[in-house]
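Here is what each chain is made of, one letter per residue.
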Amino acid sequence: MRHTISVLVENKFGVLSRISGLFSGRGYNIESLSVNETTDPQVSVMTIVTTGDDWIIEQITKQLNKLIDVIKVVDMTELDHVEREMVLIKVSPRQEDKAEVLRLAEIFRGRVVDSSQKTYTIEITGEEKKIEAIVELLRPMGIKEFVRTGKIAIAREGIKKS
Amino acid sequence: MKITGAEIFIECLKKEGVKHMFGYPGGVVLNIFDRLHDEKDLQLILTRHEQGAVHAADGYARATGKPGVVLVTSGPGATNTVTGIATAYMDSIPMVIFTGQVPTLLIGNDAFQEADIVGITRPCTKHNFLVKDVEDLAQVIKEAFHIAMAGRPGPVLIDLPKDVTTHKAEFVYPESVKLRSYNPTYEGNKYMIKQAAEMVAHAKRPVIVAGGGVVLSGASKELKEFAEYADLPVTMTLMGLGGFPGSHRLSLGMLGMHGTFYANKSIQESDLLIAIGMRFDDRVTGKIDAFAPHAKIIHIDIDPTSIRKNVRVDIPIVGDVKKVLTVLNKVMKEEVKEQWVEVRKAWAKQLDAWRKERPMTYDRDSEVIKPQYVVEKIYELTKGDAIIATEVGQNQMWAAQFFKYDKPRTWLSSGGLGTMGYGFPAAIGAQLAFPNKLVIDIAGDGSIQMNIQELATAVINKLPVKVAILNNRYLGMVRQWQELFFQERYAHTKLDDTVPDFVKIAEAYNAVGLRATKKSEVEPVLKEAFSIKRPVFMDFVTDWHEKVYPMVPAGAAIDNMLFYEETKKSEKKLKAVK
């Protein structure tokens, strides 16, 4: 099963390689990873998406906790939480598709952040499924370039998943 | 007053109570070595190879329980420590390794003797540091010693750029360390301990499996109390030897691939396994699905990742073995009804029957020197009062099987990584810590050649280590596998005529060399060696064909054993297994 794990770490150099080294060294898979500073500049948060059965996920969280620079590990999948990704898509549609591209962007609450004679660059934020849906819809229109962030996640306040 | 980084380094080590360290000089650590030159209370033992320095510090740590300390230079000096560090990491041995580094401004420049040792050792250290500012030095050293010893111990590396050793700072040594990100659990969960006690009280066929954690946490006394009170048989992993007295009536000896028949059998038939400070290594469990099929498992370990890593566990207890056992003993005595006396009698009877069915054995009538005979003689002559180091391979297994370790920290062996060349420098480290103890390295003719240069270290420092070389002219353990599994095709395991004359080597280093070629010469050679207050190489020319039995073929269940008495029959059986 897929898990989104949030890891609070000391913001020291080499900490990312300690974490990625742990995953590669023990044969775990990282599907997506995002790192950023928190409000405390000495602390960073990493959001890691990984897959595995319960045994593997238990090992992953324990192994992460064992690293000296790791302050806290939260398996978001066990909590009610909000997940977001962002994607920037550069489309070069044919003349007759241009209106459809803009319409799709609007439906998905995207924004056009750059345009040229031949292209539109659209920014879209949302959950994984939403991102995948817009990509699928835009694909026939001619996607020229495409970048996507790792997932970030935050727990909802005061609710525990039963 | 401000002092240099090199001086801070020395002051910190003194504050940590370090008396001895091992190392090798080089360009970027010259400032430290220069300061060390005048030090009387802090002695550096110069080894002849950096790997030897790390193993020596490791042996020192295993024998004393204090962290071993190493100081080497950058680049090749640093990379030469890697095998030693990985060895210590696998066996959870506390160490602090200082490596020199090129000046901070040159880092990343492919400078002369530069190596990214922090990157290289990241997966084989418990933690590591690169000190970039002399102001951080004292704090980092304090943290390193703390991390090395806290929780599950392990090696910690500190990389010291040259300019950090020359720059000056005010020296303030922190009184204590508090890391918000590292707080191991020492006290076991009381509720779980109570449950465990109930389980022990009701078990019909319980077995304790004691691992290296018992030795590391200093819990031998508590373990003995526990085993004796509830009448529990104890088997030990390779790392657990000495954690429980090998000569005790409740001891079943070692379990696993080369464990005793009765230890493995007890596991397979048991209804309750009490795993203490061990991690269910594949050499212990054999085929994991067939391991302890009828047993519930109580697992006590300080490292949560060890629990439920390889086997399912019914009662997990995260905590320091000594602390958990102390509470468990109390609960057993005060809160649990003593109701096991009768059932234990039946279990003890069964265990005795297995002991009689398949005792540890070898051909005792042989005129050719059997390696097991040498180990048994060492045990007999020392009455077990010695520190035994081993190399890796057949020598290690025979030393584990035919010597009974009654005290913790008298058995120094590379269990997890299986490092040939470990034993001799480790013995040197232990001898430095205990100058008046008899320290013996049980070696093979292959392994001893991996760090043979350390004979110079032993001689110059007057460390009277004894090396018993079980010389079979082969890389014996690999040869054994080739004989059993590769149709006797001895690819690159036959050393034969290329084995050097160990007596002459010893003499060339100004040590003593002795040789025994007949069984009758074994005892006189050992007696003579033990009476000499100098390093001695003993060359025992042994039966090359001898194999380590019992043996569980890799991937088989641990009661699927091959036995000494039926070597021929075993080999047939083996073919059937394949």
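Residues numbered from 1 in each chain as written. Chains lettered and ligands numbered in written order. Predicted model: local features only at pLDDT ≥ 70, side-chain atom pairs only at ≥ 80, totals over all residues. Heavy atoms only, no water.

S.K.: Teacher, can you tell me more about the packing of helix 12 (residues 261-269) of chain B against helix 15 (residues 341-357) of chain B here?
M.R.: The geometry of a pair of packed helices is captured by two quantities: the angle between their axes and the separation between those axes. Residues and elements named next belong to chain B. Where helix 12 meets helix 15, the axes come as close as 9 Å, and the angle between the chain directions of the two elements is 140 degrees. The angle between helix 12 and helix 15 falls in the class oblique. Considering the relative orientation of helix 12 and helix 15, their crossing is right-handed. Residue-level inspection shows Phe261, Tyr262, Lys265, Ser266 and Glu269 of helix 12 in contact with helix 15, the latter providing Trp347, Leu351, Trp354, Arg355 and Glu357. By residue class, the composition of the contact of helix 12 with helix 15 is five nonpolar, one polar and four charged. (Axes fitted to C-alpha atoms, helices over the stretch in contact; angles between N-to-C directions. Helix = DSSP H or I, 4+ residues; strand = E, 2+ residues; numbered from the N terminus. Parallel < 35°, antiparallel > 145°, perpendicular 65-115°, else oblique. Left-handed = near helix turned anticlockwise from the far one by under 90°. Contact = heavy atoms within 4.5 Å. Nonpolar A, V, L, I, M, F, W, Y, C, P; charged D, E, K, R; others polar.)

S.K.: I tried to follow helix 22 (residues 519-531) of chain B on my own but got confused; where do I start?
M.R.: Structural remark: α-helix, 3.6 residues per turn; residues separated by three or four positions point the same way. Residue and element names in this part refer to chain B. Buried within helix 22 we find Lys519, Val522, Val525, Leu526, Ala529 and Phe530. Buried residues of helix 22, seen end-on, are gathered within an arc of 125 degrees and therefore sit on one face of the element. The outward face of helix 22, more than 90 degrees from its buried face, is lined by the exposed residues Ser520 and Ser531. Close packing links the buried residues of helix 22 with helix 16 (371-382), strand 17 (439-444), strand 18 (466-471), strand 19 (512-516) and strand 20 (536-541). (Buried < 20%, exposed > 50% of the residue type's maximum accessible area, 1.4 Å probe, protein only. Arc of directions from axis to C-beta.)

S.K.: When you look at the sheet that holds strand 12 (residues 272-276) of chain B in this model, what are you seeing that I'm missing?
M.R.: Hydrogen bonds between backbone atoms are what pair the strands of a sheet, whose relative direction is either parallel or antiparallel. All names here are of chain B. Taken in spatial order, the six strands line up as 11-10-9-12-13-14 in an open sheet, and their pairing is parallel. Here the strands that pair on one side only, and so sit at the sheet edges, are strand 11 (251-254) and strand 14 (315-318). Across the sheet, the mean angle from the axis of one strand to that of its neighbour is 15 degrees, orientation sign disregarded. Lying over the sheet, helix 9 (residues 190-202) contacts strand 12, strand 13 (296-301) and strand 14, oriented at roughly 135 degrees with respect to strand 14. Against the sheet, helix 12 contacts strand 9 (206-210), strand 10 (234-236), strand 11 and strand 12, and its axis sits at roughly 105 degrees relative to strand 11. (Pairing = 2+ DSSP bridges.)

S.K.: Looking at this structure, I do not really get the interface of chain A and chain B. What am I missing?
M.R.: A common way to state how big an interface is: give the accessible area lost once the parts meet. Contact with chain A, which involves 19 residues of that partner, is made by 20 residues of chain B. Taken together, both faces of the contact between chain A and chain B bury some 1,800 Å²; the carbon and sulfur share is 49%. Of all residues in chain A, A:Arg18, A:Trp55 and A:Ile68 bury the most surface against chain B, accounting for 39% of the area lost on that side. A salt bridge links A:Asp40 to B:Arg180; the nearest nitrogen and oxygen atoms lie 4.0 Å apart. Of all the elements in the fold, those that place two or more residues in the side of chain A that touches chain B are helix 1 (15-25), helix 2 (54-66) and strand 4 (70-75) of chain A. Examining the composition of the side of chain A that touches chain B, we find that six residues originate from one element, helix 2 of chain A, more than from any other. Residues of the side of chain A that touches chain B, tallied by class, amount to seven nonpolar, five polar and seven charged. (Buried area = accessible area lost by both parts, 1.4 Å probe. Salt bridge = Lys/Arg side-chain N within 4 Å of Asp/Glu carboxyl O.)

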